[in-house]
Amino acid sequence: MAIQQELSMDLPVIDLDVFLAGPHDSEQAADALITYGALVLHDSRVSEDDNSTFLDLLEDYFAQPAEDLKTDERPELSYQVGVTLENTEKPKCAADEPCLKIIAKLDPAERPLDITAHSPDPKCRFFWRMSEKPPYETQFPGLNASNIVPKAESLRERWTPIMEQWGKSMKDAVANLAEMAAVGLDLPAETFREAGAYGPHLLAPTASDLVKYGEKDTILAGFHSDLNFLTIHGRSRYPGLHIWARNTGKRIAVKIPQGNYLLVQAGKQLEHLTGGLIKAGFHEVVVNEKTISVIKSRKVQFPERPLVRISSTFFWHLNSDFDLTPIQGLVARAQAIRDEKAKLGQDDGEPVVYEPMKVGHHVQK
Ligand SMILES: [Fe+2]
């Protein structure tokens, strides 16, 4: 793919309907991931109503008193199921030299909000496992704890069906997108999808209390990239997600159209497997001017609803036993892009060595 000189600040919209209708010859998804590390996905199987029902459920859940939420915490299981309360998760980038260098290289006007204070994120999270137990002997048996269902009467009954319905929609969409990306990279269609079978996938919504943390320029989730293979998000009710496209150095405020649209971002497992041809996308969630204006309008339109920003996030992982060995043909393409950028005098960051390892070891690292 030739490096474009002028990149659009709107993310490419990739139509999964067209891909699923075949024939499978689309390069758009792979090109979007190479260029932006992110794309907007249209999938008419995904229902806006399901997202809305899910957002209502999670707003109600996180509006519960803190002592009720605490009963769903499982610190002894490293918070791998159930709730993680605010000010627990820290953005790893603040303590990571290469990551801080990436920020330093950005034009000051395009930098994320300052994370060097090492403050934990004022966001809560819920982990709902959506993985199947592998039918083979695994080197990484990990966690077999059951998912947590909240006890409150108003939530208990509707919790599992809503989580499963919305989780499955996003899981199916992202697995098909993985297929589309493989085809676009000239790999067999099933390459990533099969590597993701029995992966420890997670429906992982986050919640930010906008009554407490609704001031402009509050960091809700500090600058970072994701560890998994692909992350997919449904539309949030509140703007505030910023992403950095690899080839622009520009901060992009994400706009997901209304309807059957989702946002997909590349994670570190995808970067590793493609030898850096696709780079994990950096992002942050902050309170910006648009967040403030939605807070104002929702206060008027829905005065009885909790003022909580839910991000409807799903982490799609490769299975832990999969060999994360960079794919040779893609390593050569990654090098060709770096060479071309060097010729044009464009910076593509420090060279990275992607050592072959099991996905499970990559996660542990
Ligand atoms: Fe993230």
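Fair warning: this is a prediction, and the values are worked out from it, not measured in the lab.

Reading guide: rules and limits
Residues numbered from 1 in each chain as written. Predicted model: local features only at pLDDT ≥ 70, side-chain atom pairs only at ≥ 80, totals over all residues. Axes fitted to C-alpha atoms, helices over the stretch in contact; angles between N-to-C directions. Helix = DSSP H or I, 4+ residues; strand = E, 2+ residues; numbered from the N terminus. Parallel < 35°, antiparallel > 145°, perpendicular 65-115°, else oblique. Contact = placed C-beta atoms within 7 Å. Nonpolar A, V, L, I, M, F, W, Y, C, P; charged D, E, K, R; others polar. Buried ≥ 20, exposed ≤ 12 C-beta atoms within 10 Å, placed from the backbone. Expected span 1.5 Å × (residues − 1). Pairing = 2+ DSSP bridges.

(A) Representation of the packing of helix 2 (residues 28–36) against helix 6 (residues 153–184). Across the interface, helix 2 lies against helix 6 with an axial gap of 6 Å and an inter-helix angle of 90 degrees. Here helix 6 runs roughly perpendicular to helix 2, going by the angle between their axes. The segment helix 2 lies against helix 6, with Gln 28, Ala 29, Ala 30, Asp 31 and Leu 33 engaging Leu 177, Met 180, Ala 181 and Gly 184. When grouped by side-chain class, the residues that make up the contact of helix 2 with helix 6 number six nonpolar, two polar and one charged.

(B) Main features of unusual backbone geometry. The phi torsion at Tyr 79 lies on the positive side, around 60 degrees, for a residue other than glycine. Here Tyr 79 lies in the loop between helix 4 (66–70) and strand 3 (82–84). Take Tyr 79: there are 17 C-beta atoms within 10 Å of it, and that puts it in the partly exposed class. The backbone of Asp 186 shows a phi angle near 60 degrees, a positive value even though the residue is not glycine.

(C) Representation of the environment of Leu 318. Mapped onto the elements of the fold, Leu 318 is located in the loop between strand 14 (313–316) and strand 15 (323–324). Residues Leu 318 and Gly 184, 134 residues apart in the sequence, show an inter-C-alpha distance of 19 Å. Not counting residues up to four positions away in its chain, the partners in contact with Leu 318 are Ala 195, Gly 196, Gly 199, Phe 229, Gln 269 and Val 359.

(D) Broad picture of helix 9 (residues 289–301). For helix 9, with 13 residues, the first-to-last C-alpha span of 19 Å sits near the 18 Å given by 1.5 Å per residue. Burial analysis of helix 9 places just one of its 13 residues in the buried class, which makes it a mostly uncovered element.

(E) Structural detail: the pairing of strand 8 (residues 230–233). Of the two faces of strand 8, the one carrying Leu 230 and Ile 232 and the one carrying Thr 231 and His 233 are both buried. Summarising the sheet, strand 8 and strand 11 (residues 261–266) pair through four bridges and their orientation is antiparallel. In the strand pairing of strand 11, His 233 is matched with Leu 263. Bridge analysis of strand 8 against strand 14 gives four bridges, and the strand direction is antiparallel. Paired with Thr 231 across the strands is Phe 315, a residue of strand 14.

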